[in-house]
Amino acid sequence: MQNILSVEKIEKYYGNKGNITKAIDNISFNVNQGEFLGIMGPSGSGKTTLLNCISTIDTVTTGKIIINNKDITALKSKALEAFRRDELGFIFQDFNLLDTLTAYENIALALTIQRKNIKEIDKLIKDVASKLDITEILSKFPYQLSGGQKQRVACARAIVTEPSLILADEPTGALDSKSSRLLLGSFEKLNKEYDSTILMVTHDSFTASYANRILFIKDGRIFNELVRGNDTRKEFFNKIIEVVSLLGGDVGNVL
Ligand SMILES: Nc1ncnc2c1ncn2[C@@H]1O[C@H](COP(=O)(O)OP(=O)(O)O)[C@@H](O)[C@H]1O
Ligand SMILES: [Mg+2]
């Protein structure tokens with residue numbers, strides 16, 4: 001199986017002498033092509049810091065992060081910019097769509113930056129829109145869309161460039177339960193039918209139950225790992241809430 005991501009003994013400190021926060025304390029793991037990995041942990045455990053280091057938004061204090069055979073901790077700013085644009089897709093909790101652009105234009109932006117031509121862009125957008133069931137809303141502006149629709153547009157924008165790795169930080173955090181299910185269904189489809197590799201951070205057990213494998217972090221360290229194997233999503237969900245209660249978090253989301 002092809003390795004897409006290797007996180008090797010990373011540490012991340014914030015602050016300076018006398019007032020140091022160890023946000024990540026020696027984390028290592030690997031992700032293979034086609035995996036859907038969840039990262040769970042209570043608030044303040046280091047999830048966002050970990051994702052930001054992988055997404056090149058933040059830098060590690062020590063350790064290495066290898067994505068698609070490139071050590072991103074060694075890349076300089078120009079190379080990093082190109083790497084981010086070509087290899088990574090981002091989905092944020094608050095969607096990050098541009099209000100003055102239609103859904104179509106928001107998705108097109110990622111491709112325009114890659115200097116693709118208009119015909120090519122149009123074909124790619126139509127393909128991705130049908131995958132995510134947003135064909136009917138492409139001409140609408142963000143204010144005309146529901147939260148769930150906005151997140152599916154953001155998802156289309158993230159995958160239209162065919163990134164090696166899709167990174168999502170609390171993607172269902174601003175969605176109601178029905179929209180969450182729809183979005184997670186889309187993630188499942190992207191992962192199963194299109195072999196997309198997804199790394200998703202969440203504190204929510206229901207959201208996490210869509211992943212194939214989950215790393216639990218606490219105080220900046222990996223505390224536990226669960227693999228879904230042949231479990232149904234419900235069985236996996238039950239195992240997740242057991243670990244969450246061991247972690248001392250609250251079990252908010254009950255099916
Ligand atoms: N920019 C920063 N400066 C200082 N401390 C930070 C910064 N970002 C995060 N932290 C600290 O690092 C720890 C992990 O935070 P974070 O990664 O945001 O956790 P999570 O996403 O799991 O809630 C927390 O103690 C937080 O206060
Ligand atoms: Mg966070």
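This structure is a prediction, so every number in the text was calculated from the model and none was measured. (Residues numbered from 1 in each chain as written. Chains lettered and ligands numbered in written order. Predicted model: local features only at pLDDT ≥ 70, side-chain atom pairs only at ≥ 80, totals over all residues. Heavy atoms only, no water.)

Asker: Teacher, can you tell me more about the sheet that holds strand β9 (residues 213-218) here?
Answerer: Either a parallel or an antiparallel arrangement is found when strands of a sheet pair, and the pairing is made through backbone hydrogen bonds. The mixed open sheet is built from six strands, whose spatial order is β6-β7-β8-β3-β9-β10. The open sheet has two edge strands with one neighbour each: β6 (88-91) and β10 (221-227). Geometrically, the sheet is characterised by an average inter-axis angle of 20° between neighbouring strands, direction not taken into account. With six bridges connecting them, β9 and β10 associate as antiparallel partners. What sits directly across from Ile217, in β10, is Ile222. Along the sheet face, helix α6 (residues 177-194) touches β3 (36-40), β6, β7 (165-169) and β8 (198-201) and points at about 155° away from the line of β8. (Pairing = 2+ DSSP bridges. Helix = DSSP H or I, 4+ residues; strand = E, 2+ residues; numbered from the N terminus. Axes fitted to C-alpha atoms, helices over the stretch in contact; angles between N-to-C directions. Contact = heavy atoms within 4.5 Å.)

Asker: What exactly am I supposed to notice about the nonpolar core here?
Answerer: For soluble globular proteins, nonpolar side chains are generally found buried alongside one another. Counting 49 residues, the largest nonpolar core has Ile107, Ile134, Phe187, Phe216 and Ile240 as the members making the most contacts within it. Of all the elements, helix α8 (residues 233-247) adds the most residues to this core, at seven residues. Every residue in contact with Phe216, bar those within four places of it in the chain, is listed here: Met40, Arg221, Ile222, Phe223, Asn224, Glu225, Leu226, Ile240, Val243, Val244 and Leu247. Membership of the second largest hydrophobic core comes to 27 residues, among which are Leu5, Ile24, Leu167 and Leu199. (Core = buried A, V, L, I, M, F, W, Y, C linked by side-chain atoms within 4.5 Å. Buried < 20%, exposed > 50% of the residue type's maximum accessible area, 1.4 Å probe, protein only.)

Asker: Help me understand the packing of aromatic side chains in this model?
Answerer: Describing an aromatic ring pair means giving the distance of the ring centres and the angle of the ring planes. Within the structure shown, the criterion is met by four aromatic pairs. Ring centres of Phe90 and Phe92 lie 6.0 Å apart, and the angle between their planes is 10°; on these two criteria the pair is classed as stacked. Judged by its relative accessible area of 19%, Phe90 is buried. Between Phe206 and Tyr210, the aromatic rings sit 5.5 Å apart at their centres with planes inclined by 80°, giving edge-to-face as the arrangement. Tyr210 carries the same exposure label as Phe206, and that label is buried. (Phe/Tyr/Trp six-rings, centres within 6.5 Å; stacked < 30°, edge-to-face > 60°.)

Asker: Got a minute to help me understand the site of ligand 1 in this structure?
Answerer: Neighbouring ligand 1 are the residues Tyr14, Thr21, Ala23, Pro42, Ser43, Gly44, Ser45, Gly46, Lys47, Thr48 and Thr49. Contacts to ligand 1 include Gly44, whose backbone N or O atom sits 2.7 Å from an oxygen atom. Considered on its own, ligand 1 offers 560 Å² of accessible surface; in the complex 57% of this is hidden by protein. Considering each element in turn, the shell around ligand 1 owes the most residues, three residues, to helix α1 (residues 47-54). Across the shell around ligand 1, the residue classes break down as three nonpolar, seven polar and one charged. (Near = heavy atom within 4 Å. Polar contact = N/O pair within 3.5 Å; in protein donor to acceptor, adjacent residues only side chain to side chain. Areas by Shrake-Rupley, 256 points an atom, 1.4 Å probe, with all protein chains shown as cover. Nonpolar A, V, L, I, M, F, W, Y, C, P; charged D, E, K, R; others polar.)

Asker: I keep staring at the layout of surface pockets and nothing clicks. Help me out?
Answerer: Here the idea is plain: a probe the size of a water molecule rolls over the atoms and shows the empty space left. Estimated volume of the largest pocket: approximately 490 Å³. Considering the residues around the largest pocket, the lining is formed by 18 residues, among which Arg85, Phe90, Ala110, Ile113 and Arg157 are closest to the centre. When residues of the lining of the largest pocket are traced back to their parent elements, those giving at least two are α2 (77-87), β6, α3 (103-113) and α5 (147-159). (1 Å grid on protein atoms, 1.4 Å probe; cavity = no way out; pocket = protein on both sides within 12 Å on 5 of 7 lines; lining within 4 Å. Points joined across faces, edges and corners; volume = space filled by probe spheres on them.)

Asker: When you look at a nonpolar patch on the surface in this model, what are you seeing that I'm missing?
Answerer: Where nonpolar side chains cluster on the molecular surface, the patch consists of Leu98, Leu109 and Ile113 and spans about 250 Å² of accessible area. Overall, Leu98 belongs to the partly exposed group, its relative accessible area being 42%. (Patch = residues over 30% accessible without salt bridge, like charges linked within 9 Å, V, L, I, M, F, W, Y side chains within 5 Å. Salt bridge = Lys/Arg side-chain N within 4 Å of Asp/Glu carboxyl O.)

Asker: So what exactly am I meant to see when it comes to α8 here?
Answerer: Since one α-helical turn is 3.6 residues long, residues separated by three or four positions face the same way. For α8, built from 15 residues, the straight-helix expectation of 21 Å at 1.5 Å per residue is met to within 8% by its first-to-last C-alpha distance of 21 Å. Buried residues of α8: Arg233, Phe236, Phe237, Ile240, Ile241, Val243, Val244 and Leu247, and no others. Projection of α8 onto a plane perpendicular to its axis shows the buried side chains occupying an angular sector of 165°, all on one side. Among the exposed residues of α8, those oriented more than 90 degrees off its buried face are Lys234, Glu242 and Leu246. (Expected span 1.5 Å × (residues − 1). Arc of directions from axis to C-beta.)

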